[in-house]
Amino acid sequence: MRRTRTQVGIVGAGPAGLLLSHLLHLDGIESVVLEAKSRDYVEKRVRAGVLESPTVQLLDEVGLGDRLHRDGLRHTGIHLAFDGARHHLDFEDLVGQGITVYGQQEVVKDLIARRLDDGGDLRFEVDDVTLTELDGTLDGQRPVLTVTAADGEVDELECDYVAGCDGFHGPTRTAAPHGVWHTFDRDYPFAWLGILAEAPPSSTELIYAYSPRGFALHSMRSPSITRNYLQVPPDTDVGDWPDERIWSELQYRLDAEGEPPLTEGPIVDKGVTPMRSFVTEPMQYGRLFLAGDAAHIVPPTGAKGMNLAIADVWVLGRALAHRLRGGPGAGSDELLRAYSDTCLGRVWRAEHFSWFMTSMLHRFDLADGGDPFQHQLQLSQLRYTATSRAAASSLAENYVGLPLPSRSAAQGAAV
Ligand code: APR
Ligand code: PHB
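The structure reproduced in this document is the subject of the present report. (Residues numbered from 1 in each chain as written. Chains lettered and ligands numbered in written order. Predicted model: local features only at pLDDT ≥ 70, side-chain atom pairs only at ≥ 80, totals over all residues. Heavy atoms only, no water.)

### Some thoughts on the overall build of the protein
Keep this limit in mind: Helix and strand labels come from DSSP, where a helix needs a run of H or I of at least four residues and a strand needs a run of E of at least two; each type is numbered from the N terminus. Put simply, the radius of gyration uses C-alpha atoms, and a globule should come to 2.2 Å times the residue count raised to 0.38. What makes two residues a contact is simply this: any of their non-hydrogen atoms within 4.5 Å. Methods summary: accessible areas were calculated by the Shrake-Rupley approach with a probe of 1.4 Å, and residue burial reflects only the protein chains presented.
Scanning the protein from N- to C-terminus turns up 12 helices and 19 strands. For the protein, whose C-alpha radius of gyration is 22 Å, the value lies close to the compact-globule estimate of 22 Å for 415 residues. For the C-alpha atoms alone, the extent of the protein along its principal axes is close to 65 × 50 × 45 Å. A separation threshold of at least 6 residues defines the contact pool for the protein, and within that pool the share at least 24 residues apart is 72%. Counting every atom, the protein has about 17200 Å² of accessible surface; 49% of that belongs to carbon and sulfur.

Okay, structure coming up:
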């Protein structure tokens, strides 16, 4: 057994854990990142790929913008497709900002490369992470992360603070005693079948489609790679979806008058993603702080998951620096105590927006023979959004991303 100490023990090398480690490093604070999977695995895991405007600004400011600006695709809006036609929402015109399409695994690659260049302590392929010595106070005993390292040795890591950045199924949230967390959740009666294809995009902007057979999304990763999604039943086996069936369903659901069919190509990745909304309150228990998917899940329709994870660790990084760094105000745990409340305003806004987009764009009734009333309500909402500047602006403001909490205080925004 080896016993060491660190200032911040971080569980999980997704966008939340890696960015937190980088932000802390910029503030002169040391951390150790513990990740169950291999570096190769986390760098290749295909996830969503829309960066909000405040996310891009933040990544720029902390020196992570180079490849993102070179390879990311800057979009100024989205299309909504329904009733056999496409309607463009011009975010630049509506709210003066756009979004950047850049895969989550590219963000992860950039972060890993940067942390390793800076001598960061990233430990991949660790096993059996357990968190103990949590007494629920900010100034009591130090928590301990016990972990089997890749070399088979058991390490004990005593931490001033622990960041649970280990996703929905990770071990940190469940390390707190029963009854600490108040959770809110919603399941949806469908999942997404996502594919990556070697085919050039058929549109300059993303297309969100509501069709009689359910939702479809046309997205992209580069001028030669598209990313597409189909609403499917939750228990879908990808084996039931050969490539021809996927393309034919995408063509049907994304068909619009006057538009050419999608360009097809070899499918190089297929996966089914469940749809769920979930929030944990508070996002802190003593010296344990939850961030990203460990604390909250959104259905992917609003593309908020990675952006929320990044916003959380921005707040957490500042609060930890405030507590641990020298200089004026040093030592105060005021921002750490405020962490949960500071994040939750933004979290619930994103929860609502993601639920709203999901509810507007999916068929909820495919399994039970149809609900014409519900269908008409959704069509009415889509038509309103496509024709009312007020409705379109509300969608655009949420989609491009509200200011980060720390900045919004200075700017007087509500979240
Ligand atoms: N021990 C160590 N690491 C673990 C463990 C464990 N027991 N359990 C999970 N992890 C790791 C996962 O392998 C993963 O790499 O925690 C990491 C969590 O990363 P993400 O799932 O990417 O979560 P987060 O960083 O919060 O980013 C949220 O990811 O799921 C998407 O849609 C979501 O875009 C959002 C983003
Ligand atoms: C993606 O490109 O993977 C993507 C885009 C928009 C979403 C979800 C996923 O809403």
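### Brief notes about the site of ligand 2
Our working definition: Proximity is defined per residue: any heavy atom of the residue falling within 4 Å of a molecule or strand makes that residue near it. Contacts described as polar in this section are N or O atom pairs within 3.5 Å, which, within protein, must combine one atom able to donate a hydrogen with one able to accept it, while residues neighboring in sequence count only if both atoms come from side chains.
Close contacts around ligand 2 come from 14 residues, with Tyr208, Ser219, Arg221, Tyr229 and Pro300 the closest. Within the side chain of Tyr208, one N or O atom sits 2.7 Å away from an oxygen atom of ligand 2. A distance of 2.6 Å separates an oxygen atom of ligand 2 from a polar atom in the side chain of Tyr229. For ligand 2, the accessible surface in isolation is 280 Å², of which the surrounding protein chains cover 100%.

### A word on unusual backbone geometry
With the exception of glycine, the majority of residues adopt a negative phi angle, and the majority of peptide bonds are in the trans configuration. To keep things clear, this is the line we draw: Throughout, exposure labels follow a simple rule: accessible area from a 1.4 Å probe, protein chains only, divided by the maximum for the residue type, with under 20% read as buried, over 50% as exposed, and the rest as partly exposed.
Residues Glu281 and Pro282 are joined by a peptide bond in cis, for which omega reads -10°. Along the polypeptide, Pro282 turns up in the loop between strand S16 (267-281) and strand S17 (284-285). Backbone geometry places Asp83, a non-glycine residue, at a positive phi of 55°. Mapping Asp83 onto the fold places it in the loop between strand S5 (77-82) and strand S6 (85-90). Residue classification places Asp83 among the partly exposed positions, given a relative accessible area of 48%.

### Remarks on the site of ligand 1
The full set close to ligand 1 counts 25 residues, and Glu35, Arg45, Arg47, Gln104 and Asp293 are the nearest of them. A distance of 2.7 Å is found between an oxygen atom of ligand 1 and a side-chain nitrogen or oxygen belonging to Arg45. Among the elements of the structure, helix H1 (15-26) and helix H8 (305-324) are those that each provide at least two residues to the shell around ligand 1. Looking at the shell around ligand 1 element by element, the count peaks at three residues for H8.

### Quick word on the sheet that holds strand S12 (residues 182-197)
To be explicit about the condition: Pairing between two strands is assigned when DSSP locates at least 2 bridges connecting them. Axes here mean lines fitted to C-alpha atoms, for a helix over just the part in contact, with angles spanning 0 to 180 degrees between N-to-C directions.
The sheet built from eight strands is open, its strands ordered S6-S5-S13-S14-S15-S12-S16-S19 with mixed pairing. Every other strand in the sheet has two partners, leaving S6 and strand S19 (296-297) as the edge strands with one partner each. The pairing of S5 with strand S13 (residues 206-211) spans four bridges and is parallel. Counted as the bridge partner of Ala81 is Ala209 from S13. Along the sheet face, helix H9 (residues 334-361) touches S12, S13, strand S14 (214-222), S16 and S19 and points at about 130° away from the line of S16.

### Digging into the pattern of salt bridges
Note the following rule: Salt bridges are defined as contacts in which a side-chain nitrogen from Lys or Arg sits within 4 Å of a carboxyl oxygen from Asp or Glu.
A complete count under the given rule lists 29 salt bridges for this structure. Arg325 serves as the salt-bridge partner of Asp27, at 2.5 Å between the closest nitrogen and oxygen. Taken as a pair, Asp27 in the loop between H1 and strand S2 (31-34) and Arg325 in the loop between H8 and H9 lie far apart in primary sequence, 298 residues in all. In this structure Arg325 comes out as partly exposed when scored by relative accessible area, which is 39%. Between Lys44 and Asp40 there is a salt bridge, with its nearest N and O atoms 2.9 Å apart. Note that Lys44 and Asp40 are positioned in helix H2 (residues 39-44) at a spacing of four residues, about one turn of the helix. For Lys44, a relative accessible area of 56% translates into the label exposed. Given a relative accessible area of 41%, Asp40 falls into the partly exposed group.

Keep in mind these numbers describe shape, not what the thing actually does.
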